[in-house]
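One-letter residues, chain by chain:
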Amino acid sequence: RAVLGLECLMKIGTDKAIMQLNLIAIQPFSARKMNFRALKDKAGSLIEAIAMKKGLTAQQLEDRLVPDCGLDERGSRVFDFGPRQFHFVLGPGLKPAIKLPDGTVKDNLPNPRAKDDATKAEAAVAEWKLLKKQIKEVASIQAQRLEQSMVFGSRWTVPEFELVLVKHSLNTILIRPLIWGGYDSKGKLAAAFRVNEDRTYADAADNAFTLKGIDTVGIVQPLHLNETDRTAWGGVLSDYELIAPFPQLDRRVIRLEPEELKASEITRFQGIAIPAPTLIFGLERFGWSRVRDGHGNFEQHSKCVPGATAVVRYDMSVGFDYSNPKNPLTIKTCHFENYSGRGLRVKQLPLKKVDSVAISEVLSDLSALAAKGE
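Described below are features of the structure shown in this document. Worth saying up front: this structure is predicted, and the values here are computed from it rather than measured.

**With respect to the nonpolar core**
- Among the nonpolar cores identified, the biggest contains 46 residues, and Phe88, Ile135, Leu146, Phe161, Trp180 and Phe193 are the most heavily contacted of them.
- Elements that contribute at least two residues to this core include exactly β2 (85-91), α5 (118-152), α6 (158-166), α7 (171-175), β7 (189-195) and β10 (216-219).
- Among the elements that take part in this core, α5 stands out by supplying 11 residues, more than any other.
- What Leu146 contacts, discounting residues up to four positions off in sequence, is Leu165, Leu174, Ile175, Leu178, Trp180, Ile219 and Phe246.
- Counting 33 residues, the second-largest nonpolar core is a separate cluster that includes Phe269, Trp288, Leu363 and Leu369.

And the structure:
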C-alpha cells in the first residue's frame, strides 16, 4: 500500500506531490527500520525517473522542489499582533526562532496582550506553529543535502546557483554562513566567497566579489583551502556571528601517512575492540550501511564516498545478538572499491588513487569510533 501511495504521488505529478515523494526519498535512513529503507529506495527510483522525464538530474529536480515555507525573498516572515510585529529568524542548530522588536531572540512568540488585536494574534500564533514544523523538517534535510554536496564536490552553474540557492527564500538563509568556491572551466578553484544578507557576494577581506568569469559554483571543502585562508574566513564568520548549518571550516581534516599511501587497505585501526552497538549504530549515524550475506548476517559496512565505495570490516559475522554491549567487535581493515564497468566487477583501489576528501571523511568517522574502543 505504501509503494502504491508513492506511485500515486508520481502520477499526480504536481510540484507539491513530487516534493512529498522527494522528502521520503531523501530523509535520513534509520537502519532499525528496514521496511522504511525499501520505501525510501523506491521513492528515490521514482524521483530519478521523474527527473529523467523532465531532462534534469535528480539533484536539479530536488533543488527545484524545496518549499519556501511562506518566507519572503530575504528569508524572513512577519507575525502581526496588530500593535506589535515579530520576525522569524533561523537560530543555532537550524531552530526556528522569533526576533522581538528590541532585538531579543526567543524560541516562541510572546503571549498576546490585551492591547493586541485578538484576531490577528490568533492567526499569527497558528501560522507560527505551522511554520515551526515545516522549517524544522525542511531545513534539516536541506542542510544534509548541502553537506553531501560539499563532500561529493557537487557544482552548480552560476544561473542555477542564483536561482535555486541565492534567491530561494529558505536556502538563502542556509547558504550565508558557508564559504563558496568559484571554479573555472577546468574545475579548478579560482576564488572563494560568501553570500551577504542582501544577496551580493564578498571575499575574505569583505570586499565586493562578482561571479564574472566563474564557470561553476560549489561549497568549498576545507582540504582545498590553506591554513591562512581558513583562518581568514573563520574570522569573517565570527565577526558576523554566522554559524554554519554543518561543519565546514572546522571540519576534521585527516590525511594518510606517506607509508600508508603505498598500501591498498587502511590498517591503522586494526585490532581496536569496540562494543558492538557502539560500532554498528555509530557507523550508521555517519551514513554507513550494513552489507548483509544471504542469511541476513553482516560483518562489514559500506559508505558511498567521492569516486568510490568505502568498506570497513570487523572480526565476526553479526546476527541478532549484537545489541549486547559486552559483545565487542574488533576492526580488521578498511578499503575502497569501485566498479570496473565490465559486468560490474568490484575493483579494490590503491589508497594513493582514492580522492583525498574520501580518505579524510572515512578516517574522521573511524577515528571518532575508535576513540570509544580499547
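**Some words on the pairing of strand β6 (residues 180-183)**
- Residues Trp180 and Gly182 of β6 are buried on one face, and the alternating residues Gly181 and Tyr183, pointing to the opposite face, are buried as well.
- Note: β6 against β7, four bridges, orientation antiparallel. Pairing of Gly181 across the sheet is with Ala192, part of β7.
- Linking β6 back to β7 in an antiparallel pair, the connection comprises five residues, with Gly187 at a positive phi of about 85 degrees.
- Across four bridges, β6 lies against β10 in antiparallel orientation. Within β10, the position partnered with Tyr183 by the bridge is Thr216.

**Quick look at helix α8 (residues 227-239)**
- For α8, with 13 residues, the first-to-last C-alpha span of 18 Å sits near the 18 Å given by 1.5 Å per residue.
- Of the positions making up α8, those classed as buried are Trp233, Val236 and Leu237. Each buried residue of α8 lies within a common arc of 95 degrees when the element is viewed along its axis, so the set occupies one face. α8 presents Glu227, Thr228, Ser238 and Asp239 as exposed residues on the side facing more than 90 degrees away from its buried surface.
- Elements in contact with the buried residues of α8: β7 and β8 (201-202).
- The N-cap of α8, judged by a side-chain oxygen 3.2 Å from the amide nitrogen of Thr228 a few residues on, is Asn226.

**Looking at the state of the cysteines**
- In total, this model carries zero disulfides according to the counting rule given.
- In this structure Cys304 is not part of a disulfide, and its nearest cysteine sulfur, from Cys334, lies 13 Å away.
- Judged by relative accessible area, which is 1%, Cys334 ranks as buried.

**Overview of the pairing of strand β3 (residues 95-99)**
- Of the pairings in the sheet, the one linking β2 to β3 comprises five bridges and is antiparallel in character. Pairing of His87 across the sheet is with Lys99, part of β3.
- Where β2 folds back on β3, the antiparallel hairpin that results is connected by three residues, among which Gly93 adopts a positive phi of roughly 70 degrees.
- Here two bridges tie β3 to strand β4 (residues 105-106), and the two strands are oriented antiparallel to one another. Within β4, the residue paired with Lys99 across the bridge is Val105.
- Between β3 and β4, which pair antiparallel and follow one another directly, the connecting turn spans five residues, one of which, Gly103, has a positive phi of 95 degrees.

**Some thoughts on the sheet that holds β7**
- Pairing in this open sheet of six strands is antiparallel, and the strands run β5-β10-β6-β7-β8-β9 from one edge to the other. The strands lining the two open edges of the sheet, one partner per strand, are β5 (156-157) and β9 (208-209).
- Bridging between β5 and β10 involves two bridges; their strand directions are antiparallel. Considered in β10, the bridge of Thr157 is made with Thr216.

**Description of the packing of aromatic side chains**
- One pass over the full model with this rule turns up eight aromatic pairs.
- Taking 5.0 Å as the distance between ring centres and 55 degrees as the angle between the ring planes, the aromatic pair formed by Phe161 and Trp180 counts as tilted. Here the residue Phe161 occupies a position in helix α6, and Trp180 occupies one in strand β6, the gap between them amounting to 19 residues.
- Their ring planes at 10 degrees and their centres at 5.1 Å tell us that Phe193 and Phe209 sit as a pair that is stacked. Here Phe209 lies in strand β9 and Phe193 lies in strand β7, a separation of 16 residues in the sequence.
- By relative accessible area, which is 17% here, Phe209 ends up buried.
- Through a chain of ring-to-ring contacts, the aromatic side chains of Trp156, Phe161, Trp180, Phe193, Tyr201 and Phe209 assemble into a single cluster.
- Just above the ring of Tyr183 sits the side chain of Arg155; from NZ or CZ to the centre is 3.7 Å.

Calculation notes
Residues numbered from 1 in each chain as written. Predicted model: local features only at pLDDT ≥ 70, side-chain atom pairs only at ≥ 80, totals over all residues. Heavy atoms only, no water. Core = buried A, V, L, I, M, F, W, Y, C linked by side-chain atoms within 4.5 Å. Buried < 20%, exposed > 50% of the residue type's maximum accessible area, 1.4 Å probe, protein only. Helix = DSSP H or I, 4+ residues; strand = E, 2+ residues; numbered from the N terminus. Contact = heavy atoms within 4.5 Å. Pairing = 2+ DSSP bridges. Expected span 1.5 Å × (residues − 1). Arc of directions from axis to C-beta. Polar contact = N/O pair within 3.5 Å; in protein donor to acceptor, adjacent residues only side chain to side chain. Disulfide = S-S within 2.5 Å. Phe/Tyr/Trp six-rings, centres within 6.5 Å; stacked < 30°, edge-to-face > 60°. Lys NZ or Arg CZ within 6 Å of the ring centre and 35° of its normal.

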